[in-house]
Every structure is written in C-alpha cells, then in structure tokens.
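# Chains, contacts and geometry: an overview
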Amino acid sequence: MRRAVPGFLRRALVLRKDAPVLCLSSQACCLKDMDHQEPSRSAVYGDYRSQCLLPLITLAVRTSNWDATRKVSFRECVRLYGRSQSVGLFALLIQSFLPRRIREVRCLIHRIVDYCGNAGPELFELAPMLVRNMGGSMTLLQVYAAVVRIFVESSMFEDALLAYIEAKKVGVEPRLCNFLLKCLVKGNQIMYARSLFDDMKSFGPSPNVYSYSILMSMYTHGERLCLKEAHELLCEMEMNGVKPNAAIYGTYLYGLCRARQVTSAWDFLQKLFQRGYPCNSYCFNAVIHGFCSEGQFEELTEVFDGMKKCGVAPDVHTYSILVDGLCKQGYLMTGWNVISGMTRNGISPNLVTYSSLLHGLCKTGKVEWACEIFKWLKEQGFKHDQITYSIVLHGCCQHLDLEIVYDLWNDMIQHDFAPDVYDYTNLIYALCRHRYLEEALGVFELMLENGVSPNIVTCTVLVDSFSKEGLISEAFLFLDKVRQLGIVPNLCTYRVIINGLCRVNKSNDVWGIFADMIKRGYVPDVVLYSIIIDGFVKALKLGEAYRLYHKMLDEEIEPNIFTYTSLINGLCHDDRLPDVMELEKHMIGKGLVPDKIVYTSVIACYCRRSNMKSAIGMLREMERQGLSPDAFVYTCLISGFGKVLAMDGANLMLKEMESKNLTPTVVTYTALIIGYLKTGDEGKAHMVYKSMLQAGITPDAKLSCILGFSNGEDDSEHSHEAKEVL
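If you're wondering where the values come from, they're calculated on a predicted model, not measured in any experiment.

### Observations regarding the overall build of the protein
- Summing up its helical and strand segments, the protein has 42 helices and zero strands in all.
- By principal-axis analysis of the C-alpha atoms, the protein measures approximately 120 × 75 × 60 Å.
- For the protein, with 726 residues in total, the buried portion stands at 48%.
- Within the protein, counting contacts between residues at least 6 apart in sequence, those at least 24 apart form 62% of the total.
- In the form shown here, the protein has an accessible surface area of approximately 36,900 Å², with 53% of it arising from carbon and sulfur atoms.
- Each charge class in the protein was averaged separately, 76 positive and 80 negative side chains, and the resulting centres sit 8 Å apart.

Here's what the structure looks like:
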C-alpha cells in the first residue's frame, strides 16, 4: 500500500507556526476587529458592561441556565477582565453543565476557540489553563477532543490535525483517532487521512479494526476506486494480527462489485465462508447488488444457496436489492412475485421495496397499476414519503390526465410534503404536454413565490412548449428572464430553441443561436447537428444541409441514423437518386441499418422515377430487415404502377396491402382510379370508386375534381390533372 510522506503531520505544524488567524464566525470576526481599535466608549460604559456581565455569569453558574449563558461572550470577558480571569469564569460555566449537558459544554469551548481563531500557540496555552481551573472536572484530552470536533465541524481539517498532534503529547485514545480519521475521509481529505493512519501505525495508538474499516471505506466508496490499496489493506491487517470483521469484508466486496468485478467478488465471498471467516447479510447483499446491476440474475440462485449454507437469512434489504434490480431491468412481474414471496417467508416489505416497483411501473408506462399499488399501500397502513409521491407524480405527469395529476398533487400537499424542483418540473411538463402553457407559467411563478429555485430542466420544458406553439420570440424573452435568476441555457436548451426555429421555418436564425452556443463553450453534438440538418431539409435548403453534414465529418462527429434519414429523405424528394445510393452505402459502411423512413423515401423516389422493379426490390429488402411497410408505402407503389399503366401490379399491391390488414386511404383509391382512367378502363375506375364509398371513404377535393364533381372550390391544379386524365 502506498504510504504518505513520513512526518507530514509534524511538518504541517512547523509550516503553521506563524499562520494567519482564521475566524470561525462572522460575529467572532467582527469582535476581533474591535480588539485592534481604540476604545470609542467611555470608562463608565465599561463599568456598566462589567456590572451587567457579572450578574449574568453568576445567574448562569448557579442555575445552569443556558439562555443566560449563551449571552456571555469569551471575547467580551477578556476585554473586561483579562484572559486569566475570563478562563476561570468559563471554567465555572462549563462545570455548571457537566457531566450531562455535553452540547452546552462544547458550545462554551467553541467560544474560546473562536477567540483564538485557529490551532495556534494561544489556544494551546488557554486549554491547559481551562483544565487547571476546572479542578479535574475535565481532562486536557477531553478538551482537545472537543477542540478537534469544533475544527472538523468548521471544515478546518488542518487545524484539527494540529490540535490532534497537541493532544498526543498527553496521550490520545483510539476513539479520538478514529473520529478524526472518519471525519477526514468524509471530508474527502484523502492525503490527511492517509497521513494520520500512517502516524497511528508509526507512533500509536495502533489502528484497530474500526480504523481499518474507515480506510477500507475510503478506498472503495471514494470518487477514485482504489482496489489495489484495499486488497493490500486486508493483507496488512492479517500481518499485524488484526482480524477483519464482516463489515470490512462487505465493504471490500462492495468495491469489487463497483469495479464490475462481480464474479471475483462472488469467488472471494465463497472462499470466506468455506474458510469460516466472518460474513453476514451485508457481504451477500453487496454481491447480490453487483449481479443485479449487471443484469446477471441467473447467478443469484447460487448466491441465495450460499446464504443458506452459511446460515445467513436474507433480510428485507436483500429482497429490496433484488426487487430493485429486477424492476430496473424491466422484469416487473418477477419483482412483484419476489415481494409476494417475502410476505410468505415472514419478511415484511418496506416502503423502499415498493418504491422500486413503483419506479419500474412508471418508467415502463404502467402508471395505472402503479397508482393502484400506491392506493393499496395507503390502505395497508403505509405512510408514503416524498420519494414515493414524487415517483408516482412523475409517472402521472408523463402519461395520465391532468385531473389525476392534480388529485395526487393536492394529496401530497395535504400530507405536509413541500414539492421540490423535481415535482414542480413534472407538473409544468404535464401542463405543457396538454398544451396549457399559460397554466404552466403560472406554476412557474408559484414555484418562485414558494422559494423553490427552478433548474435548467424546468426552463427547457417551458422553452420547448413556447417553441411548439410557434412562440419563438416569447421563448427568447423567457430565457432572458431566467438568466436573471442565474440559470444559463445548456446544450439541451439550445437543441430545443434551434428545433423550434426549424419548426417555424426560421432556419436563417439558426446560425445566430449556434454561434451564441459555441461562444458559451458548448460543443455541438450529433443530435444538434441532426436537428439543424433536418430543419434545412424541410426548408428545402438541401445544399446547406449537405454542407453541414460534411462539416460534421470534418469535425469527426459521427452522423447517426437520424442524420442519414433526414438527408436521404431530402435527396429523394429532390430526385437525386445517385446521391441517395452513395449516402446509403456510406451509412451501411458505418454499421448503421436503414430504418423504415429511409426505405420509404427510396421506394417513393423509385416510384416517381417509374422504376418499379427497383421499388419492389427495395420493398422486399425492407421486409427482410424485419420492417413492415405501411399504407403510405403501398400507396406509392400503386401510384407508380398506375403511372406505367401496369394495373395488374397495382392490383397485386392492393391485395398484398389488404392481406396485411392495412386500410387503403382516399389517396390509395385515387391512385387506382387515375391509373384505370389513364388506361381507358372507366368501368374498373368506377368499380374502384364504388368500393371506396362502400368502405366509408369520402372523395377529397382532388378526386372530386378528377371525376368531374363540383365541390364549390376552384382548384386549378386538380382541374388540369383531370383534363390530362380524361
């Protein structure tokens, strides 16, 4: 195991010999500044303060009255009576709260520490004075322990270490060492923690099993996973005669699983119980959680059998981990069966267990079932917490009607749960989903009034709603407002804005937003490029779309299927079939499989070119890829066969279409009628028209014009086509 530099703690003490004073509170800072100022009050005022403070201290000492004590400032005492007498007065105050009211004792010591400002010579002079004045009520080690805690709570870790070094002069106990070690690990002070641990090994007190468990937790739970050091720590324990307990083994197993070495963790656990080493449900739970996270549920039978062999009974946490893993992988019924099995085995599922099921149901859109379980849990006496309310509310906002959302929202409020930013965002999304933008903005204002700060997700939902309503200017005004709240657009927000501009055919304004995004340090990704390309394609600016596509390639951003689909669709509409074939070849070379839209666009392009052989070939290729053609594809084919006067082919496509339970549309029937009219077979055209009426389909303006029906509208385009046909 890599060791910290020896003597690090002692060098820190030398470096801090003339360190600047760090005050712990604004009040202490203000009072300390006053110490260096010339007195602006008269001596009479000083006498008055002295006469007021002594009776207050007397009252506090005699009655142990904290309300009186909290008004006594050590700094003020020093100003009036000097350090020595002030320490004596505070010793009396501390004694009045000993031995039971430790919190008040710590507060009084805190005031002395505030006065000193840091772990320096003055503090280490006052601490022994305080102990001498208390006549044995507290030891110097107890005072230093309180000082260490005070520095740690103020995140002054270096000062805490210096106080610890001073305490070592009188002999520290493992309890204080472990407390400081744990606080350093919790505060992510890794170097200090390692230094303290090495100091304990070198100079005492020797680390005990709890010390090792703290360091093991640091190696396995920290931001940086240190498995090598964790394993070396286990070896070191054995060499030093410190036997690891089940908690340490469980923590190590957690680290292995976190590193996705679940099989190694299971092998290690099996060796533990084969050799008779301590292991408990926490050890098995770590491995079960690992297998669940990897989706390897088939291994769990062996793990549960291992638990039985060890005499370790699965507890509610074991089953909760299993239910959570199953639900996250989509095995909801299996998760429900596990919960039912818990009850049969005499283990009562808790709210955490059911929360996993509720989350899984809502995630997969089974919100009605989630709501039923939510109500049933209430009837069974469970008290829902904010987490379960938020889970179900999220599902309802995503999938159900507003009435259900409002009922659940009001129920949550009535149970004294204050909605957080996550809940407000869900409600705003629900209102926007139902196109109640004004009401969503009202909830946004209510959110601000209630002191809940919106986040960028909340704002992006509203910007998206503005964009979908075509209110682009209002969206920009809203963004200006939220910038004043300190909320800056992220990449997702820019996507929404640009998508909105493309939707209302304002593709010219896209580049301004694009430039602002880059200026703010955001790097455009494939999703954003694809949105802009699709916008240019729909605005019939195919040249711009193609240039942006090549820009993506130059910047080594791999296009996705949506990018290719948009470009191929645009090229097909522009009848640029050779470019389509080249792009499709490039797409397949990248390992992307053409989707339904690509096949549909290419088939439609072939049909417009009257290349029916290639169109049918593409249709069969589409089916081989497992993609089902829809009514639009067959309508294109029928129209294509009609253009080349191959009505047998058109009828064949109609029969194939009907065999797949696809309903012909008015456009389908129109294509057939036009085809028959072009071949001069008015009788069959009439039969198709009659079949259309029997199917309950009404002729549209185009067909009415072709057939010579008057609908009161002047449609010159349709009239021209009718003349050509007839």
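After presenting the structure, the write-up continues.
### Some words on the packing of helix H21 (residues 351–363) against helix H22 (residues 367–379)
- Taken N-terminus to C-terminus, the directions of H21 and H22 make an angle of 155°; their axes are 8 Å apart at the nearest point. On the basis of the axis angle, H21 is roughly antiparallel to H22. Taken as a pair, H21 and H22 cross one another with a handedness that is left-handed. The segment H21 lies against H22, with Tyr-354, Leu-357, Leu-358, Leu-361 and Cys-362 engaging Val-367, Trp-369, Ala-370, Ile-373, Phe-374, Trp-376 and Leu-377.
- Residues that form the contact of H21 with H22 fall into these classes: 12 nonpolar, no polar and no charged.

### Topic: the nonpolar core
- Core analysis: the largest hydrophobic core is formed by 239 residues, its most contacted members being Ile-109, Phe-151, Tyr-164, Leu-180, Leu-269, Ile-428 and Leu-637.
- Counting residues per element, this core draws most heavily on helix H9 (residues 140–153), which supplies 10 residues.
- Excluding anything up to four places from it in sequence, Leu-637 contacts Ile-603, Cys-607, Met-612, Ala-615, Ile-616, Leu-619 and Met-653.

### Focus: the pattern of salt bridges
- Summed over the entire model, instances satisfying the criterion amount to 30 salt bridges.
- When the shortest N-O distance is used, the salt bridge between Asp-480 and Arg-483 registers 3.5 Å. Of the two residues, Asp-480 and Arg-483 are both situated in helix H28 (residues 472–483); the distance of three residues between them amounts to about one turn of the helix.
- Residue Arg-483 is classed as partly exposed on the basis of its relative accessible area of 29%.
- We note a salt bridge from Glu-544 to Arg-547, for which the minimum N-O separation is 2.8 Å. Separated by three residues within a single helix, Glu-544 and Arg-547 lie in helix H32 (residues 542–554), roughly one turn from each other.
- The partly exposed category is assigned to Glu-544, whose relative accessible area is 29%.
- Shared partners join several salt bridges into a network, and the residues in it are Arg-620, Glu-623, Glu-656 and Lys-660.

### Notes on unusual backbone geometry
- Of the consecutive residues Leu-98 and Pro-99, the connecting peptide bond is found in the cis state with omega at 5°.
- Checked against the element boundaries, Pro-99 lands in the loop between helix H6 (83–97) and helix H7 (102–116).
- With an omega of -10°, the peptide bond running from Gly-204 to Pro-205 counts as cis.
- Along the chain, Pro-205 falls in the loop between helix H12 (190–203) and helix H13 (209–221).
- Of note, Ser-155 is a non-glycine position whose phi angle comes to about 60°, a positive value.
- One can find Ser-155 in the loop between H9 and helix H10 (157–168).
- Residue class for Ser-155 comes out exposed when judged on its relative accessible area of 52%.
- The residue Glu-556 is not glycine, and still its phi comes out positive at about 60°.

### Considering the confidence of the model for the protein
- In the predicted model, the protein carries a mean pLDDT of 86, and the fraction of residues at 70 or more is 90%.
- Segment residues 710–726: pLDDT under 50, and 17 contacts once partners within four positions in sequence are set aside and those in other chains are kept.

### A few points about the side chain of Thr-563
- Assignment of secondary structure puts Thr-563 in helix H33 (residues 561–573).
- There is a polar contact of 2.7 Å between the side chain of Thr-563 and the side chain of Asn-560.

### Structural notes on the side chain of Thr-69
- Along the chain, the position of Thr-69 falls in helix H4 (residues 66–69).
- Residue Thr-69 is classed as buried on the basis of its relative accessible area, which comes to 0%.

### Observations regarding the packing of aromatic side chains
- Within this structure, the stated rule accounts for 26 aromatic pairs.
- On the numbers, 5.5 Å between centres and 75° between planes, the contact of Tyr-354 with Phe-382 is edge-to-face. Pair noted here: Tyr-354 is in helix H21 and Phe-382 is in the loop between H22 and helix H23 (386–399), with a separation of 28 residues, a long-range link.
- We classify Phe-382 as partly exposed; its relative accessible area is 26%.
- Following the ring pairs from residue to residue traces out a cluster consisting of Tyr-249, Tyr-252, Phe-268 and Tyr-277.

### Brief notes about H23
- In this model, H23 (14 residues) spans 20 Å end to end at C-alpha, consistent with the 20 Å of a helix rising 1.5 Å per residue.
- Where H23 is buried, its residues touch H21, H22, helix H24 (402–414) and helix H25 (421–433).

Cut-offs applied
Residues numbered from 1 in each chain as written. Predicted model: local features only at pLDDT ≥ 70, side-chain atom pairs only at ≥ 80, totals over all residues. Heavy atoms only, no water. Helix = DSSP H or I, 4+ residues; strand = E, 2+ residues; numbered from the N terminus. Buried < 20%, exposed > 50% of the residue type's maximum accessible area, 1.4 Å probe, protein only. Contact = heavy atoms within 4.5 Å. Areas by Shrake-Rupley, 256 points an atom, 1.4 Å probe, with all protein chains shown as cover. Lys, Arg positive; Asp, Glu negative; His and termini not counted. Charge placed at Lys NZ, Arg CZ, Asp CG, Glu CD. Axes fitted to C-alpha atoms, helices over the stretch in contact; angles between N-to-C directions. Parallel < 35°, antiparallel > 145°, perpendicular 65-115°, else oblique. Left-handed = near helix turned anticlockwise from the far one by under 90°. Nonpolar A, V, L, I, M, F, W, Y, C, P; charged D, E, K, R; others polar. Core = buried A, V, L, I, M, F, W, Y, C linked by side-chain atoms within 4.5 Å. Salt bridge = Lys/Arg side-chain N within 4 Å of Asp/Glu carboxyl O. pLDDT = per-residue confidence, 0-100. Polar contact = N/O pair within 3.5 Å; in protein donor to acceptor, adjacent residues only side chain to side chain. Phe/Tyr/Trp six-rings, centres within 6.5 Å; stacked < 30°, edge-to-face > 60°. Expected span 1.5 Å × (residues − 1).

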